[in-house]
Amino acid sequence: MLTQTTSKTERVRTMFNDIATRYDLLNKLMTFGVDRSWRNDAVSLLEEVQPSTLLDVAVGTADLSLQIAQKISSLQSIVGVDISKEMLEKGEEKVAKSNFTTPITLMEANCEALPFAEGSFDAVTCAFGVRNFERLEQSLTEMHRVTVEGGHIVILELSIPRNSLLRMGYTFWTHTFVPFVGSFVAHNREAYHYLPRSVVAMPQYEAFTSLLSQVGYRNVSFTPLSGGIATLYQAVK
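None of these values were measured; they are calculated from a predicted model.

Rules used throughout
Residues numbered from 1 in each chain as written. Predicted model: local features only at pLDDT ≥ 70, side-chain atom pairs only at ≥ 80, totals over all residues. Heavy atoms only, no water. Pairing = 2+ DSSP bridges. Helix = DSSP H or I, 4+ residues; strand = E, 2+ residues; numbered from the N terminus. Axes fitted to C-alpha atoms, helices over the stretch in contact; angles between N-to-C directions. Contact = heavy atoms within 4.5 Å. Core = buried A, V, L, I, M, F, W, Y, C linked by side-chain atoms within 4.5 Å. Buried < 20%, exposed > 50% of the residue type's maximum accessible area, 1.4 Å probe, protein only. Salt bridge = Lys/Arg side-chain N within 4 Å of Asp/Glu carboxyl O. UniProt positions renumbered as here; feature names shortened; annotations may be inferred. 1 Å grid on protein atoms, 1.4 Å probe; cavity = no way out; pocket = protein on both sides within 12 Å on 5 of 7 lines; lining within 4 Å. Polar contact = N/O pair within 3.5 Å; in protein donor to acceptor, adjacent residues only side chain to side chain. Parallel < 35°, antiparallel > 145°, perpendicular 65-115°, else oblique. Left-handed = near helix turned anticlockwise from the far one by under 90°. Nonpolar A, V, L, I, M, F, W, Y, C, P; charged D, E, K, R; others polar.

**Here we look at the sheet that holds strand β5 (residues 147-158)**
Through backbone hydrogen bonds, the strands of a sheet pair up, either in parallel or in antiparallel fashion. Spatially, β3-β2-β1-β4-β5-β7-β6 is the arrangement adopted by the seven strands of the open sheet, whose pairing is mixed. Both edges of this open sheet fall to β3 (104-108) and β6 (218-225), since each of them pairs with a single strand only. Ignoring which end each strand starts from, the neighbouring axes of this sheet average 15° apart. Across six bridges, the pairing between strand β4 (residues 121-127) and β5 is parallel. Looking across to β5, one finds that Ala127 is bridged to Leu156. Taken strand by strand, helix α3 (residues 34-49) contacts β1 (53-57), β4, β5, β6 and β7 (230-236), and its axis lies near 165° from that of β5.

Next up, the structure:
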């Protein structure tokens, strides 16, 4: 039973376990399919550096990992980690049905204490996950630790548009449409009330790039997508 004193990590784990079977459908409905285009933008950044090993944090149902495996021929292995066992099981099903040559290994792990040696991966990615971290700076520090010197990090996350008209539409979308769809499809309205709260609470744009710099990354930059509904961050260790 979840209470007000339950940690954010446990609340997030329980929430995603509960909605895992409908998560992919809900993403398509809530973003009108644009989420795949956003992930393709993230993959394009990785295509430029052609990593051999990659860690996908908050891998969820493995959508980003699968798009990466499809497009980046240089990869020898992809490891995906998540705290939700149910999401990982859905991801395993999708990986098993794929025909990509790059091995994709999914495992349960908390980003605050990644079970990998320093400098284990050429690149680290995270799509729509950092806003769920209980200790954001600690998690980013861990992602930095397991990246090789000169390696890249690519983070895709929802954000609040700066344009006032877009922000009005975004507010309606997140506070009215998203909870309605979550209640109707996933039978979990609270999970989709969490979405706008988690986006508002997260450092965005320059504030997030500053945090990446603080934990040791360099050449930090960000690119708003779809007018700032999502933002793509990249940096180098």
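**Here we look at the nonpolar core**
Ranked by size, the top nonpolar core spans 46 residues in total, and within it Ile68 and Leu156 carry the most contacts. Looking at this core element by element, the count peaks at five residues for α3. Beyond its immediate sequence surroundings of up to four residues, Leu156 is in contact with Trp38, Arg39, Cys126, Ala127, Phe128, Leu225, Ala230, Thr231 and Leu232. Ranked by size, the runner-up nonpolar core spans 27 residues in total, among them Val81, Val124, Phe133 and Leu140.

**Points about the pattern of salt bridges**
Charged atoms that come close allow side chains of opposite charge to pair. Scanning the entire structure with this criterion turns up eleven salt bridges. Glu142 is the salt-bridge partner of Arg145, the closest N and O atoms lying 2.7 Å from each other. Taken together, the positions of Arg145 and Glu142, both in helix α6 (residues 136-145) and three residues apart, correspond to about one turn of that helix. Note on Arg145: relative accessible area 22%, which makes it partly exposed. Here Glu142 falls in the buried class, since its relative accessible area comes to 8%. Here the salt bridges share partners, and the residues they tie into one network are Asp24, Asp35, Arg39, Asp63 and Lys94.

**So, the UniProt feature "binding site: S-adenosyl-L-methionine" (unreviewed entry) in the protein**
UniProt records the feature "binding site: S-adenosyl-L-methionine" (unreviewed entry) for Thr61, Asp82, Asn110 and Cys111 in the present numbering. Among the annotated residues just listed, those lining the largest cavity are Thr61, Asp82, Asn110 and Cys111. Aside from chain neighbours lying at most four places away, what touches Thr61 is Tyr23, Asp24, Met87, Lys90, Gly91 and Lys94. Relative to the helices and strands, Asp82 resides in strand β2 (residues 77-82). Not counting the four nearest positions on each side in its chain, Asp82 is found in contact with Ala58, Val59, Gly60, Leu88, Met107, Glu108 and Ala109. Engagement of the side chain of Asp82 in a polar contact is seen with the backbone nitrogen of Val59, the distance being 3.3 Å.

**What about the environment of Gln70?**
Relative to the helices and strands, Gln70 is located in helix α4 (residues 63-71). When near neighbours in sequence (up to four residues on either side) are disregarded, Gln70 contacts Arg36 and Phe100.

**Things to note about the packing of α6 against helix α9 (residues 206-214)**
Packing of α6 against α9 brings their axes to within 9 Å, and their N-to-C directions diverge by 55°. In this view, α6 runs oblique relative to α9, as classed from their interaxial angle. Between α6 and α9 lies a crossing of right-handed hand. Here Leu136, Glu137 and Leu140 of α6 come into contact with α9, specifically with Phe208, Leu211 and Leu212. The class makeup of the residues in the contact of α6 with α9 is five nonpolar, no polar and one charged.

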